[in-house]
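The primary structure of each chain is shown beneath.
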Amino acid sequence: MKGNIAVCEGAIDAGCDAYFGYPITPQNEIPAYMSRRMVELGRVFIQAESELAAINMVFGAAVCGKRAMTSSSSPGISLKQEGISYLAGAELPCVIVNVQRGGPGLGNISGSQADYFQATKGGGHGDYRLIVLAPYSVKEMYDLTFLAFDLADKYRIPVMILTDGIVGQMMEPITINSELRINNSELKKDWKLDGCKGRGPRLMRSLIMEEGGLEKHNWHLKEKYDEIKKNEIRYETDFTDDAEIAVAAFGIAARICKSAVKKLRQEGFKVGLIRPITLWPFPEKVISDVAAKSKKILVAEMNMGQMVEDVKLAVNGKCPVEFLGAPGGAVFSEDEIIAKIKKL
Amino acid sequence: MKKVFSKPESLQDKNNSYCPGCGHGIIHRIIAEVIDELGVREKTIGIAPVGCAVFAYYYWNFDVTEAAHGRPPAVATGIKRCLPDRVVFTYQGDGDLAAIGTAEIIHAANRGENITTIFVNNANYGMTGGQMAPTTILGQKTTTTPNGRDAKRDGYPLKVCELLSSLDGVCYIERVSVSTPKNVLKAKRAIKKAFENQLNNRGFSLVEVLSQCPTDWQMTPVESVKWVDEVLAKTFPLGVYKECMKK
Amino acid sequence: MEKVKINSEKCKGCLLCVSVCPKKCIKPSGKINKLGHKFVVFTKNEKCKSCGFCFLMCPDVAIEVFK
């Protein structure tokens, strides 16, 4: 199965009620596949007039209590930022898939990791956070998309799948775990707008003009984000117990680093890998713990240096943090990583 | 003696914060009356604009959501496709619908979304203090056209009914006003037709309501309704622009 | 009984009702309400035909009409 298709199947199995999308390379498989499957299943599919319209259709579907998803790639995700800020402010659940490509601007159509800042530091305005999940395999494309819907509903928060053109286009066999299937009908959404029969009218808004109201709301959002930080950090570590040099990478970069680290271990080098799966909330503690034991940390990412800043903050001076970057749609090879680590 | 005219159930018993004489108060009420008469209050979801009517959810007595500026037709599409048996309508001003939201309204109309749009045209941007809108008429002075709208620099007033009536997905378009009691009744009849079309799955309906904005036009309310009749309606003629319903 | 009831606390003194009443039954009261608006009052009950024009034009649902 292709990575992009695994995203679709994960969404469908998670009970995605509505998908709204727009064509952009390298994620065109997603709207095409959904246009067939969602219609077969009697669910909602619309190819919207723009990525901007699509995120607002997601807002509508989310407002009335449905599980909604949209997908795009970097430039299209920029268009969605207004809608994302509104969704976060109104506390609406939804899933947004970014199959990153080279940027900035129109860039190119190769995979990249240059939207880390946009995803984790808020590309839209205001104080808000998204849960950001970074799959590195086709299996994770399925699993994390499935998980995204549950997390979105649990916390009333938009969740982003931050993947890239390579994982999106990659083909790997996966087994779909049927125990992960859930029944949506038990989810009680007592805030949704579906007509005021049997109850008082409800409103949905992010505009809070009452004296002190917006401040209170922002503190409430912070409480929610602190709760998520406590409960939902996910990461994977390889050989970090005795690592002298630890590599930190996410998504496709981590995939390449994983085999580089394995090879170096076979040659006797004490290296390890930390792979954040949630980019927000960021696994600060595990990085801090590994930094306390290691001589150096190398951050390898396909951009000019984004996650490295969060790693530096987590390391907080305990050891030096080095960087290996591949921006503009470039991909580093296993050999490049091995060479860099050996130099360190 | 029996009560013949009073507050509809779909309107809350609150003082609204609109300016004295503003058309929004009348239009909110006639929409509420139509929703009462059709018996659909409990399955209606309204989408409020960004503009003076952003607080419409404080006045209407049914579910209402905010939307980003210009995006109500996309939000309405999301809701209506997911809950096709509910009554979904957007309420938008001239900035919301005719400036920032032109793509969203054209495409919702073009897809023939089975929703209702009430478009309030007061020829300026009220909320932000009276700037030029796409619907500002030539020669009209606003805070961003201090010498009057000039076709060469600012373009022409945008005629939404005329524009949208060319789309196949559209069922019904009518332009009305609330400048006199007779026009208020006509406006209510048009709005009722627009909601009935949704109940009968006929596709997209839009009613454009010419509305008075006394404060930003710098007129008294009585002068402003006269200006709607005598000046605004000359650029934006009242009447039916498309009607798919069989007589 | 009065054919028209005007809630003086809702009235904003826009005078639209005054301008449309065919029998000139409504006029400014000369007083202001809690919100500072110069509200109007209904007079000449015997002339009123309960046409409802005042209600139709009122943006504040400050008016109720009886027949």
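Parameters and conventions
- Residues numbered from 1 in each chain as written.
- Chains lettered and ligands numbered in written order.
- Predicted model: local features only at pLDDT ≥ 70, side-chain atom pairs only at ≥ 80, totals over all residues.
- Heavy atoms only, no water.
- Pairing = 2+ DSSP bridges.
- Helix = DSSP H or I, 4+ residues; strand = E, 2+ residues; numbered from the N terminus.
- Axes fitted to C-alpha atoms, helices over the stretch in contact; angles between N-to-C directions.
- Right-handed = clockwise from strand over helix to strand, strands pointing away.
- Contact = heavy atoms within 4.5 Å.
- Buried area = accessible area lost by both parts, 1.4 Å probe.
- Salt bridge = Lys/Arg side-chain N within 4 Å of Asp/Glu carboxyl O.
- Polar contact = N/O pair within 3.5 Å; in protein donor to acceptor, adjacent residues only side chain to side chain.
- Phe/Tyr/Trp six-rings, centres within 6.5 Å; stacked < 30°, edge-to-face > 60°.
- Buried < 20%, exposed > 50% of the residue type's maximum accessible area, 1.4 Å probe, protein only.
- Lys NZ or Arg CZ within 6 Å of the ring centre and 35° of its normal.
- Disulfide = S-S within 2.5 Å.
- Left-handed = near helix turned anticlockwise from the far one by under 90°.

1. Let's talk about the sheet that holds strand E1 (residues 3–5) of chain B
1) Next: The strand order across the open sheet built from three strands is E1(B)-E4(C)-E1(C), with neighbouring strands paired in antiparallel fashion. The two strands at the open ends of the sheet, each matched to only one other strand, are E1 of chain B together with strand E1 (4–6) of chain C. The average angle at which neighbouring strand axes cross in this sheet is 35 degrees, direction not considered.
2) Next: The pairing of E1(C) with strand E4 (residues 63–66) of chain C spans three bridges and is antiparallel. Across the sheet, C:Val4 pairs through a bridge with C:Val65, a residue of E4(C).

2. Quick word on the pairing of strand E2 (residues 44–47) of chain A
All names here are of chain A.
1) Next: Bridge count between strand E1 (residues 18–21) and E2: four bridges; the pairing is parallel. Counterpart to Gly21 in the pairing with E2 is Gln47.
2) Next: Once you follow E1 into helix H2 (residues 29–40) and on to E2, the crossover reads as right-handed.

3. Some points on the interface of chain B and chain C
The extent of an interface is frequently quoted as the accessible surface area lost upon association of the parts.
1) Next: The interface of chain B with chain C comprises 32 residues on the first partner and 29 residues on the second.
2) Next: Both sides of the chain B and chain C interface together cover about 2400 Å² of buried area, and 68% of this is carbon and sulfur.
3) Next: Per-residue buried area on chain B facing chain C is highest for B:Met1, B:Phe5 and B:Pro181; these three make up 30% of the total on that side.
4) Next: Taken together, the connections running from chain B to chain C amount to two salt bridges.
5) Next: Here B:Lys3 and C:Glu64 are joined by a salt bridge, their closest N and O atoms 3.0 Å apart.
6) Next: Counting the contacts that link chain B with chain C gives 15 residue pairs in polar contact (both at pLDDT 80 or more).

4. Topic: the packing of aromatic side chains
1) Next: Applying the stated criterion across every chain, the model contains 15 aromatic pairs over all chains.
2) Next: A centroid spacing of 5.8 Å and a plane angle of 85 degrees characterise the contact between A:Tyr225 and A:Trp280, whose relative ring orientation is edge-to-face. Note that A:Tyr225 is positioned in helix H8 (residues 213–231) and A:Trp280 in strand E11 (residues 278–280), a separation of 55 residues in sequence. There is no split in this pair, since A:Tyr225 and A:Trp280 are both buried.
3) Next: Considering the side-chain rings of B:Trp60 and B:Phe62, the 5.5 Å spacing of their centres and the 20 degrees angle between planes classify their relative orientation as stacked. Each of the two residues, B:Trp60 as well as B:Phe62, counts as buried.
4) Next: If you follow A:Arg255 out to its NZ or CZ, it ends over the ring of A:Tyr136, 5.6 Å from the centre.
5) Next: A cation over an aromatic ring shows up here: B:Arg29 above the ring of C:Phe55, its NZ or CZ 4.5 Å from the ring centre.

5. A short note on the state of the cysteines
1) Next: Under the defined criterion, the tally for this structure stands at one disulfide over all chains.
2) Next: Note that B:Cys171 is cross-linked by a disulfide to B:Cys244, the S-S spacing being 2.2 Å. Across the S-S bond of B:Cys171 and B:Cys244 the torsion is about -65 degrees, and the bridge reads as left-handed. Within this pair, whereas B:Cys171 is found in strand E6 (residues 170–177), its partner B:Cys244 is found in the segment after strand E8 (239–243), the two being separated by 73 residues in sequence.
3) Next: Of the residues examined, B:Cys171 reaches a relative accessible area of 1% and is grouped as buried.
4) Next: For A:Cys94, which is in no disulfide, the shortest distance to another cysteine sulfur is to A:Cys16 and amounts to 10 Å.
5) Next: C:Cys17 forms no disulfide, and the closest cysteine sulfur to it belongs to C:Cys14, at a distance of 6.1 Å.

6. Some points on the packing of helix H10 (residues 284–293) of chain A against helix H11 (residues 307–315) of chain A
Residues and elements named next belong to chain A.
1) Next: As a packed pair, H10 and H11 sit with axes 8 Å apart at the nearest point and diverge in direction by 65 degrees. Helix-helix and strand crossings are classified by hand; for H10 and H11 the assignment is right-handed. Across the interface between the two elements, Glu284, Ile287, Ser288 and Ala291 of H10 pack against Val311, Ala314 and Val315 of H11.

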